Amino acid sequence: MSGHSEDPVLEESKRFFTFFNLSMLLVAITGIEIVIIYVRAFDGPVIITVLSICSVIKFVGVMTWFMHLRWDKILNTVLFLMGLVIAVFTFFAVMYMLDNPPEVKEFSVTPLEQDWEAKTEYVKGDYTKHNDSYYVAEIAHQSGDTFSTQIMLDNEPVNSWKKVEGIPHQISWKVSTGDMIEINSLKPGNPFFHQYHPYPEDNIEGSKISLLAESASTEDFRIKVRSEAFWVENQ
Amino acid sequence: MSEASAHALEHHEPETSTGIPNKKVLMWAFLGSDCMFFGTLISTHLIYRKISATVGGNTLDVRDIFDIELTSFSTFILLASSLFMALAVSAIHKGNLSSTRWMLFGTIIFGAIFLACQVYEFTHFVHVPGNELTLSSYRGEPHVFGSTFYVLTGTHGTHVAIGVFWLIGWFVYSFTGKMSTADALDIECCGLYWHFVDIVWILIFPVVYLMEYAF
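Residues numbered from 1 in each chain as written. Chains lettered and ligands numbered in written order. Predicted model: local features only at pLDDT ≥ 70, side-chain atom pairs only at ≥ 80, totals over all residues.

Re the overall build of chain B
Across its full length, chain B carries 6 helices and 4 strands. Listing each helix as α and each strand as β along chain B from the N terminus yields α-α-β-β-α-α-β-β-α-α. With respect to the three principal axes, the spread of C-alpha positions in chain B is 70 × 35 × 25 Å. A burial count over chain B gives 40% of its 215 residues as buried. For chain B, restricting intrachain contacts to residue pairs at least 6 apart in sequence, the fraction spanning at least 24 positions comes to 77%. (Helix = DSSP H or I, 4+ residues; strand = E, 2+ residues; numbered from the N terminus. Buried ≥ 20, exposed ≤ 12 C-beta atoms within 10 Å, placed from the backbone. Contact = placed C-beta atoms within 7 Å.)

With respect to the confidence of the model for chain B
Regions with low pLDDT carry predicted coordinates that are not meant to be interpreted in detail. Residues and elements named next belong to chain B. Scored by pLDDT, chain B comes out at a mean of 89, with 94% of its residues at no less than 70. Element-level mean pLDDT values for chain B span from 44 in helix α1 (residues 3–8) up to 97 in helix α5 (residues 145–173). Low pLDDT (under 50) marks residues 1–10, which in the prediction has 13 contacts with non-local residues, meaning those over four places away or in another chain. Complex prediction metrics read pTM 0.74 and ipTM 0.86. (pLDDT = per-residue confidence, 0-100.)

Comments concerning the nonpolar core
B:Phe84, B:Leu87, B:Ala88 and B:Tyr193 are the most contacted members of the largest nonpolar core, which totals 73 residues. Examining the composition of this core, we find that 19 residues originate from one element, helix α6 (residues 184–209) of chain B, more than from any other. Apart from residues no more than four positions distant in its own chain, B:Phe84 is found in contact with B:Met103, B:Gly106, B:Thr107 and B:Phe110. In this structure, A:Trp173, A:Ile181, A:Ile204 and A:Leu212 belong to the second largest nonpolar core, which totals 13 residues. (Core = buried A, V, L, I, M, F, W, Y, C linked by C-beta atoms within 7 Å.)

Structural notes on the packing of helix α2 (residues 22–51) of chain B against α6(B)
Residues and elements named next belong to chain B. Two elements in contact, α2 and α6, have axes whose closest approach is 11 Å; the angle formed by their N-to-C orientations is 15°. Of the possible angle classes, the one that applies to α2 and α6 is roughly parallel. The interaxial crossing formed by α2 with α6 has right-handed handedness. When α2 is examined against α6, the residues Lys23, Lys24, Met27, Leu31, Asp34, Phe38, Ile42, His45 and Leu46 are found in contact with a partner set consisting of Leu185, Cys189, Leu192, Tyr193, Phe196, Val200, Leu203, Val207 and Val208. Here the residues of the contact of α2 with α6 are counted per class, giving 14 nonpolar, 1 polar and 3 charged. (Axes fitted to C-alpha atoms, helices over the stretch in contact; angles between N-to-C directions. Parallel < 35°, antiparallel > 145°, perpendicular 65-115°, else oblique. Left-handed = near helix turned anticlockwise from the far one by under 90°. Nonpolar A, V, L, I, M, F, W, Y, C, P; charged D, E, K, R; others polar.)

The following block contains the structure:
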């Protein structure tokens, strides 16, 4: 790489023409970059390809001749390229992480306001409404003719329903991919917040029953999904 | 080769194990690390440009505020300043102090013009009626574009400003009568820095400005 001639002063003088020619080339290439934008005759991918090629040519031109790497020892090039290569790999790695944006396929918030019914099978955890109050089933049972929080099992009274404070809501979601899911209420008077890290991170399905202060719908809630550096939400 | 010429090219640099002056190795190592710095800034801008492509429900279009003629002009100015810088380094290697001084002056002037264009551009962006681009908003709507744009181009502008001050230092020094070919290596390092800010702009100009017009 060290290309010194017999007369270094003469060599420096010759470089004047190299520098001048390179400078004219850089101006010409920049002109091409601007013209290709102005004419608007090409598609986006073509423009990006041309701009990328022009930038690489200019970059290499300045690096090789203006920065003397053409005439310097290889160590200087290695030092510079180490940083450059890491920068380029960082760029592509981050762009790759963003290639798989999460998608919220389904999201719903539904109040569980089904009235209590006689002679019906209930399972543990079922919610029902009776006289403007909400109850959760404590055991699986068949309801009687009238509503009661207790039933007789083996001649022993057993709690069948437990009154709950608040309105039960079923919150369900289906997401393509993500490493963190965050659901929150948009109404300050009706607070709700749930955050978790799903595993596995693909084809995520989730559901949660929560007691809220007020009746709410899907529009009152927000789901936010994070995948790598990508954040998406249902709004 | 004349005796004067040989003397002019004698830089009295101590021997090093690499055969390259330590200052130069240090400068190249710094430029390599600065590559990573700008690499992350450019990546950040592109990523947020991709994932935050809308503002207030509409597609983000900054072409209304970009003044591509002004930015193209400042790009040509920076390229021309690189030629002056290369000639300044060449002149000091040849021992031509007068030429070195005027080439440094040319680089300073062109660098200052570039900075003036950037200051005008930023001021215009922040105050353009109805299209204000601030650090945290665009047209009054919260958006990240201003943050990544100003941090990236502002960091580059800061590098240019540092380069201009460095060059002014050399320009003033050239009037003291102390400047000689022994300073060639230091001026060369200054030149390396200046060319580096030039190649960073070579990337920023198409990536940040021209690509906005591609789609």
